[in-house]
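# Survey of secondary and tertiary structure
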Amino acid sequence: MAAICLASISCSKESKNDNNGIDNSRIIGTYAGKVVMAVGENAMPGIDGTLTIKDVTKKNATIVTPTFDAMGGKMTMPALEIKNVKITQKNNLYTLEAPAFSIQVGETKYVNKNGLKGTVKDGKINVAYDITPGAMPMQINLTFEGAKQ
């Protein structure tokens, strides 16, 4: 009888490390920081924004990119929900990586050709990705650096 109780207790206990060793509590959440957008060699000043990491399961997560408005409304970017972002952990460094993707938001298709790459360490995040919105002929390179709220 005691063995049954012990087995029952150990099976029902939840762990923050149940996702193949990834400690969710260290990376899930919202990060506040700056988005820098560059077209070609021309980078714009950083714009305040937030990036969210959610749905971490089996070494994958969903990242919601920042929404921003630049150049007095001439350049806007909606939040993009990037799924199946691979997460690896070595000590206190988490590496984020996603292959090329495309996301439809309303009538506009946002195409990424080079994937997403980033890291999270000690509550600080940096992410880099590219987007070509709709029929725009040039790629927009985006970086985000921030800290967990």
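Source: prediction; values computed, not measured.

## A closer look at the overall build of the protein
The secondary structure content of the protein amounts to one helix and 13 strands. Shown N-terminal to C-terminal, the secondary structure of the protein runs as helices and strands in the order α-β-β-β-β-β-β-β-β-β-β-β-β-β. Looking at the 149 residues of the protein, the share that counts as buried comes to 36%. When contacts within the protein are restricted to residue pairs at least 6 apart in sequence, those whose partners lie at least 24 apart make up 45%.

## Section: the pattern of salt bridges
Applying the stated rule across the entire model yields four salt bridges. The shortest N-O distance in the salt bridge between lysine 54 and glutamate 81 comes to 3.1 Å. Note that lysine 54 is positioned in strand β3 (residues 47-57) and glutamate 81 in strand β7 (residues 81-90), a separation of 27 residues in sequence. The partner of glutamate 81 in a salt bridge is lysine 83, and the shortest N-O contact between them spans 3.8 Å. Members of the salt-bridge network, linked through shared partners, are Lys54, Glu81 and Lys83.

## Here we look at the environment of isoleucine 87
Along the chain, isoleucine 87 falls in strand β7. For isoleucine 87 and valine 120, which are 33 residues apart along the polypeptide, the C-alpha to C-alpha distance reads 9.9 Å. Among residues more than four places away in sequence, those in contact with isoleucine 87 are Ile22, Ile27, Val56, Lys59, Asn60, Ala61, Tyr94, Thr95 and Leu96.

## Observations concerning unusual backbone geometry
One non-glycine residue with positive phi stands out, namely asparagine 91, at about 55 degrees. Relative to the assigned elements, asparagine 91 resides in the loop between β7 and β8 (93-98). Assessed through its relative accessible area of 67%, asparagine 91 is described here as exposed.

## Topic: the nonpolar core
Counting 35 residues, the largest nonpolar core has Ile53, Leu96, Leu116, Ile125 and Leu142 as its most contacted members. Setting aside residues no more than four positions away along its own chain, isoleucine 125 makes contact with Tyr31, Leu51, Ile53, Leu96, Thr119, Val120, Phe144, Glu145 and Gly146.

## So, the confidence of the model for the protein
Detailed conclusions should not be drawn from predicted coordinates in areas where pLDDT is low. With 85% of its residues at a pLDDT of 70 or more, the protein has an overall mean of 85. At the level of individual helices and strands, the protein shows its lowest average pLDDT in helix α1 (residues 2-12), which scores 39, and its highest in strand β11 (residues 116-121), which scores 98. Within the model, the stretch residues 1-15 combines pLDDT values under 50 with zero contacts to residues more than four positions away or in other chains.

## So, the side chain of threonine 65
If you trace the backbone, threonine 65 turns up in the loop between β4 (60-64) and β5 (68-70). One polar contact links the side chain of threonine 65 to the main-chain amide nitrogen of leucine 80, over a distance of 2.9 Å. Non-local contacts of threonine 65, meaning those with residues more than four positions away in its chain, are made with Thr50, Leu51, Pro78, Ala79, Leu80, Ile82 and Tyr129.

## Observations regarding the pairing of strand β1 (residues 29-39)
As paired strands, β1 and β3 are joined by seven bridges and run antiparallel to one another. Counted as the bridge partner of valine 35 is isoleucine 47 from β3. Pairing of β1 with strand β13 (residues 140-148), which is carried by nine bridges, proceeds in the antiparallel orientation. The partner of tyrosine 31 across the bridge, within β13, is lysine 148. Note that β1 and strand β2 (residues 42-43) share two bridges and pair antiparallel.

Cut-off values and rules
- Residues numbered from 1 in each chain as written.
- Predicted model: local features only at pLDDT ≥ 70, side-chain atom pairs only at ≥ 80, totals over all residues.
- Heavy atoms only, no water.
- Helix = DSSP H or I, 4+ residues; strand = E, 2+ residues; numbered from the N terminus.
- Buried < 20%, exposed > 50% of the residue type's maximum accessible area, 1.4 Å probe, protein only.
- Contact = heavy atoms within 4.5 Å.
- Salt bridge = Lys/Arg side-chain N within 4 Å of Asp/Glu carboxyl O.
- Core = buried A, V, L, I, M, F, W, Y, C linked by side-chain atoms within 4.5 Å.
- pLDDT = per-residue confidence, 0-100.
- Polar contact = N/O pair within 3.5 Å; in protein donor to acceptor, adjacent residues only side chain to side chain.
- Pairing = 2+ DSSP bridges.

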